[in-house]
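Chain and residue survey
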Amino acid sequence: MSERDDHELRVSKIQDGTVIDHIAGGHAPDVLAILGIDSSTDEVVSVGMNVPSDRLGHKDVVKIEGRELSQDEVDVISLIAPAASINIIREYGVAEKHRVERPDTVEGVLSCPNHDCISTEGEPVASRFAVLDDGVRCAYCETLIREDLAEHISV
Amino acid sequence: MLDRNHVITAKNLSRADIETVLDRAAAIERDPPDRERHAGRLLGLCFFEPSTRTRMSFEAAIKRLGGDALDMGPVDSSSATKGESLADTVRVIAGYADALVLRHPSEGAATMASEFVDVPLLNAGDGAGQHPTQTLLDLYTMRENAGGLTDLTVGIMGDLKYGRTVHSLAYALTKFDASQHFVSPESLRLPRSVRYDLHEAGAQVREHDDLDEVLAELDVLYVTRIQRERFPDESEYRAVAGEYRIDAATMERAREECVVMHPLPRVDEIAPDVDATPHAKYFEQAHNGVPVRMALLDLLLDDADSGGAAGATDDSVNGGER
């Protein structure tokens with residue numbers, strides 16, 4: 001079965017919204033956390049986990065109806081799911097399709113875990129992190145985050 | 001001469017930047033500048049935590065250059081207690097002064113503050129982060145006493161985790177290809193971010209639990225205080241601190257030329273009997289704070305006068321990195 005056939009079987013078409021495809025297997029819950037989607041959500045969300053994939057072996061897929069992702073959200077998803085592709089759906093068709101790209105910096109989307117960092121103290125600045133090959137680094141206190149990035153998401 | 005004329009972290013000081021400042025400091029010591037050199041210039045002192053040596057040495061430096069200092073006073077009588085943000089405080093004081101010195105308990109405070117001011121801002125310590133002007137006077141002292149800065153073998157002992165002077169010094173020594181030996185209890189080893197930078201910079205670094213593993217090799221032994229408040233109970237502190245204390249007998253196992261330094265204040269990590277040995281350079285080190293800070297202010301204020309384009313060299317302090 002091709003990836004395309006498999007996808008069509010498991011994920012039915014939506015009228016408007018976003019499909020996040022090619023998330024590494026098991027990381028769909030992190031993507032949902034980034035998007036602020038939990039059990040209390042009113043949004044219509046479909047999640048496929050460990051779907052067979054030609055490219056990744058297994059992948060996760062998240063589909064959100066009636067919502068197009070912001071660039072900030074895509075930036076953070078790129079940190080957790082660098083191979084993901086974002087499909088913006090309008091009137092049942094793919095209006096835009098693009099791979100996520102890791103930005104050089106992310107602003108206002110992660111909270112610094114260092115409680116002594118000036119960015120956590122109510123100053124008029126957004127958090128800012130440099131994106132490294134293997135994590136992110138606070139631009140103010142230089143704290144490194146390499147694991148559990150999803151726990152520090154503030155979008 | 002700096003990135004927007006700020007001095008925030010030793011990581012961004014190039015070797016040429018450092019040598020420029022140290023050469024200027026040496027010239028100032030040899031031939032003190034005219035007392036009118038920076039007449040009328042004002043240095044704003046924004047100290048959000050207590051500091052005697054750093055604040056007074058900056059004040060002495062600007063006054064010896066003919067300028068004056070504006071001190072916002074103790075933090076408990078400042079606008080910070082009324083809830084004013086640091087960003088607003090420095091913006092206001094930058095309107096009164098030609099340069100600012102900031103000491104703050106939060107890491108990254110100087111980086112953030114520099115985003116809100118146009119005048120030069122010097123980081124005089126930001127929490128457990130950085131203290132780059134201390135590093136400049138440390139290097140000046142090493143250069144004067146250890147026969148130069150290149151290829152030194154330096155031992156740094158004590159609280160390496162929270163010691164901002166250690167973090168800045170480690171970055172700067174890397175620029176001079178020093179062999180660095182870090183001696184500390186396991187719980188106070190270098191933080192991950194500093195290790196990351198040293199690794200990226202290709203620094204020669206080794207870590208030790210016991211000073212005797214390396215003491216006999218050292219050109220410089222840089223001792224820092226292990227702070228009691230870092231330990232959950234007094235007995236644990238005493239057990240650790242006692243292991244990282246030196247006295248004159250300890251130094252008999254060191255090279256004759258080994259220089260002992262300390263950013264001060266010391267408590268009991270260097271016994272008073274070391275003071276009388278030729279190894280002890282920590283009071284000279286403190287004294288060097290004035291000529292080094294005079295040099296730095298002289299270069300920064302010269303630069304400010306010329307719109308940031310001048311300086312002693314074309315690529316002096318900070319090199320444009322952020």
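That block above? That's the structure.
Throughout, residues of each chain are indexed from 1 in the direction in which the sequence is written. Labels follow written order: the first chain is A, the first ligand is 1, and so on. A pLDDT threshold of at least 70 governs which residues receive local features in this predicted model, and a stricter bar of 80 or more applies before side-chain atom pairs are shown or counted, although totals over entire chains, interfaces and linings include all residues. The side-chain values count all of the structure's non-hydrogen atoms but skip hydrogen atoms and water molecules.

1. What about the overall build of chain A?
The following threshold applies: Secondary structure elements are taken from DSSP: a helix is a run of H or I of four residues or more, a strand is a run of E of two residues or more, and numbering for both begins at the N terminus. Here the globule rule is a power law, 2.2 Å times the number of residues to the power 0.38, and the radius of gyration is based on C-alpha atoms. Here, residues are in contact when the closest pair of their heavy atoms is within 4.5 Å. Only four residue types enter the tally: Lys and Arg on the positive side, Asp and Glu on the negative side; His and the chain ends are excluded. The atom standing in for a charge is NZ when the residue is Lys, CZ when it is Arg, CG when it is Asp and CD when it is Glu.
Scanning chain A for helices and strands turns up 3 helices and 9 strands. Sequence-ordered secondary structure for chain A, helices as α and strands as β, is α-β-α-β-β-α-β-β-β-β-β-β. At 16 Å, chain A has a C-alpha radius of gyration in line with the 15 Å of a compact globule built from 155 residues. The principal-axis extent of the C-alpha atoms belonging to chain A is close to 50 × 30 × 25 Å. By sequence separation, contacts in chain A at least 24 residues apart represent 59% of the contacts at least 6 residues apart. Taking the 14 positively charged and 31 negatively charged side chains of chain A as two groups, their mean positions are separated by 7 Å.

2. A closer look at helix H7 (residues 192-200) of chain B
Selection rule: Note on exposure labels: buried denotes an accessible area under 20% of the residue type's maximum, exposed denotes more than 50%, and partly exposed covers the range between, all computed with a 1.4 Å probe on protein chains only.
The set of residues buried in H7 of chain B consists of Ser193, Val194, Tyr196, Asp197 and Leu198 of chain B. Here the buried face of H7 of chain B lies against strand S7 (128-132), strand S8 (135-138) and strand S9 (144-145) of chain A together with helix H6 (164-174), strand S6 (179-183) and strand S7 (204-208) of chain B. The first or second residue beyond H7 of chain B is Gly202 of chain B, which carries a positive phi of 70°.

3. Remarks on the sheet that holds strand S2 (residues 45-53) of chain A
Picture the strands of a sheet paired through backbone hydrogen bonds; they go either parallel or antiparallel. Residue and element names in this part refer to chain A. Note the cut-off: We treat two strands as partners when DSSP finds at least two bridges between them. To get an axis, a line is fitted to the C-alpha atoms, and for a helix only the part in contact is used. The angle between two axes follows their N-to-C directions and goes from 0 to 180 degrees.
The sheet built from 5 strands is open, its strands ordered S2-S3-S1-S4-S5 with antiparallel pairing. The sheet terminates laterally at S2 and strand S5 (93-99), the two strands that pair on one side only. On average, each strand axis in the sheet is tilted by 20° relative to the strand beside it, whichever way the strands run. In this structure, S2 lies alongside strand S3 (residues 57-65), joined through 7 bridges in antiparallel fashion. When the bridges of S3 are listed, Pro52 appears paired with His58.

4. Comments concerning the interface of chain B and chain A
The following threshold applies: A simple way to read buried area is as the amount of 1.4 Å-probe accessible surface that goes missing from two parts once joined, with both sides added. For this analysis, a salt bridge means a side-chain nitrogen from Lys or Arg found within 4 Å of a carboxyl oxygen belonging to Asp or Glu. Definition of a polar contact: a pair of N or O atoms within 3.5 Å, with one able to donate and the other able to accept a hydrogen when the atoms are protein atoms, and with sequence-neighbouring residues admitted only if both atoms are side-chain atoms.
In this assembly, 20 residues from chain B lie in contact with 20 residues from chain A. Interface area, chain B with chain A, both sides summed: about 1,500 Å², of which 48% is carbon and sulfur. Three residues, Glu107, Arg192 and Tyr196 of chain B, lead the burial of chain B against chain A; their summed loss comes to 39% of the area buried on that side. Inspection of the chain B/chain A interface yields 4 salt bridges. One salt bridge connects Arg128 of chain A with Glu115 of chain B, and the closest N-O pair in it is separated by 2.9 Å. Where chain B packs against chain A, one counts 12 residue pairs in polar contact (both at pLDDT 80 or more). Residue assignment for the side of chain B that touches chain A shows that the elements contributing at least two residues are helix H3 (86-94), helix H4 (109-114) and H7 of chain B.

5. Topic: the environment of Glu217 of chain B
Residue and element names in this part refer to chain B. For Glu217, the position within the fold is in the loop between S7 and strand S8 (220-223). Of the residues examined, Glu217 reaches a relative accessible area of 40% and is grouped as partly exposed. Glu217 sits 131 residues away from Leu86 along the chain, and the two C-alpha atoms are 45 Å apart. Apart from residues lying up to four places away in sequence, Glu217 is in contact with Thr153, His181 and Arg255.

Just geometry here; none of it tells us what the structure is for.
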